[in-house]
Structures are given as structure tokens and as C-alpha cells.
Amino acid sequence: FMEKELYFQRIEKILKDIYTWDHQAAVTIKLHPREKNKVEYERILASSGKSGIVTDEVDRTKHFTLIKNCDLLITFGSTVALEGMILQRPALTIELFDENNPTNKLIIGSGASPVIKYDQDIASAIRTSLNSLDYQPKAKKLVQELCCKIDGKASQRIVDFIYKEIENKEKMKK
């Protein structure tokens, strides 16, 4: 991927850009469950002198509450953006890597959120994400394509499909 020092230089630049957009922004950094550098994120936030928290919370209810309550969900190409789109939250995707990007190309290539390189004008991209209605139909389309219906009945549809397949196989045997 990239060296730790370079990675955190980019994180620091992104945070500065967020605070350029709104110097009073309340930033919550939700770490990936495998992330091991919580202290480094906390150090960067503290050195900025701005408000923010770093959480490594893995409880799914709290995770979705964070997403539901955010004004803007910023990811680096994670499928968390899809979770935000399901909850109808605006998203911004920042391409953090120069080459061999290991993140999810599906979100980046969907057009469902603005995509910007880490070294570009992130403050402007934030304004676009929050104010443009262009991305909502694309986000809705992506959710529909990837998740079908969001009605809490996915398990039932799977069970019904399995039973139907079993019935079809039984009919074919006769």
C-alpha cells in the first residue's frame, strides 16, 4: 500500500482541508476493525486544535448510528459508502493512493458520489457533495443494483429462493 508516515501525512492534509471548509467541523474518524494506529489519528486531531474523535467501535448498531447522524460520509473507496447511500447520507470518496489502489473500484466507478484525489481541493469537493443533487439518483440506482430491496426481508427472499430451487430439482427428477 504505502508507508505509514506518508499515509498519515495525507490524512493530516485531508483533515486540514476539512477544517478549511468549516473550521468548526466536528470530525469523527471511524477506524476499520483491523486498524492499529488509533493513537496516531488522535495525535493528528489533537495537533490540529480542532474538535474531533477517533473511534474503533465495532458494534454494528453504533456503526450505523454514526453513519445515520453524519452530515457527510468520507471514505477512501470503502463499501461503507454503500452503507451510507442505503441510509441516504451524502458521500465523498477520496482516492488516497497514487497507484495500485486497493480500495473498492465499484464505489469509485459508480458515479454515486464525487471522487477526488487526496491532493486536490477537498473543501470544494465537500461543498459539491453536500449541495449537489446530481449524485442522489446515482446512489439510489447503485443501492438498487447491489442490494435489491431494502425492506428487511432479504433472508426471507433467500429462503424462498432455496425452497423454489429444491422444488424445481424435485420436479426434474420425476
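As shown above, the structure is provided for reference.
Remember, it's a predicted structure, so these values are computed and weren't measured experimentally.

**Let's talk about the layout of surface pockets**
Empty space among the atoms becomes apparent when a probe as large as a water molecule is rolled across them. When its volume is computed, the largest pocket comes out at roughly 1,800 Å³. For the largest pocket, the lining is made up of 50 residues, of which Ile29, Lys30, Ile74, Thr75 and Phe76 are closest to its centre. Among the secondary structure elements, those contributing two or more residues to the lining of the largest pocket are α1 (4-21), β1 (27-30), α3 (60-69), β3 (73-75) and α4 (80-86). No other element matches α1, which puts 7 residues into the lining of the largest pocket. A per-class count over the lining of the largest pocket returns 28 nonpolar, 11 polar and 11 charged. Of the volumes computed, that of the second largest pocket is approximately 490 Å³. Broken down by secondary-structure element, the contributors of at least two residues to the lining of the second largest pocket are α4, α6 (122-131) and α7 (135-147).

**Brief notes about the pairing of strand β4 (residues 91-95)**
Here β4 lies mainly inside the structure; 4 of its 5 residues are buried. The sheet contact formed by β3 and β4 spans 3 bridges and is parallel. By the bridge assignment, Ile74 is partnered in β4 with Leu92. For the segment spanning β3, α4 and β4, crossover handedness is right-handed. Note: β4 against strand β5 (residues 115-117), 3 bridges, orientation parallel. Following the sheet pairing, Glu95 is matched in β5 by Lys117.

**Re the environment of Asp134**
Inspection of the secondary structure puts Asp134 in the loop between α6 and α7. For Asp134, a relative accessible area of 55% gives the class exposed. Expressed as a C-alpha distance, the spacing of Asp134 and Gly111, which sit 23 residues apart in the sequence, is 9.3 Å.

**A short note on the sheet that holds β5**
Spatially, β3-β4-β5 is the arrangement adopted by the 3 strands of the open sheet, whose pairing is parallel. The sheet is open, and its two borders are formed by β3 and β5, each paired with just one other strand. Between one strand axis and the next, the sheet turns by 25° as a mean value, whatever way the strands run. With respect to the sheet, α6 is in contact with β4 and β5, its orientation differing from that of β4 by roughly 150°.

**Looking at the pairing of β1**
Look at any regular strand and the pattern is simple: side chains alternate between the two faces of the sheet. Only one face of β1 is covered, namely the face carrying Val27 and Ile29; the face carrying Thr28 and Lys30 is uncovered. Strand direction decides the pairing type here: β1 and strand β2 (residues 52-55), joined by 4 bridges, are parallel. Considered in β2, the bridge of Ile29 is made with Val54. Each parallel crossover has a hand, and the one from β1 via helix α2 (residues 38-48) to β2 is right-handed.

The rules we used
- Residues numbered from 1 in each chain as written.
- Predicted model: local features only at pLDDT ≥ 70, side-chain atom pairs only at ≥ 80, totals over all residues.
- Heavy atoms only, no water.
- 1 Å grid on protein atoms, 1.4 Å probe; cavity = no way out; pocket = protein on both sides within 12 Å on 5 of 7 lines; lining within 4 Å.
- Points joined across faces, edges and corners; volume = space filled by probe spheres on them.
- Helix = DSSP H or I, 4+ residues; strand = E, 2+ residues; numbered from the N terminus.
- Nonpolar A, V, L, I, M, F, W, Y, C, P; charged D, E, K, R; others polar.
- Buried < 20%, exposed > 50% of the residue type's maximum accessible area, 1.4 Å probe, protein only.
- Pairing = 2+ DSSP bridges.
- Right-handed = clockwise from strand over helix to strand, strands pointing away.
- Axes fitted to C-alpha atoms, helices over the stretch in contact; angles between N-to-C directions.
- Contact = heavy atoms within 4.5 Å.

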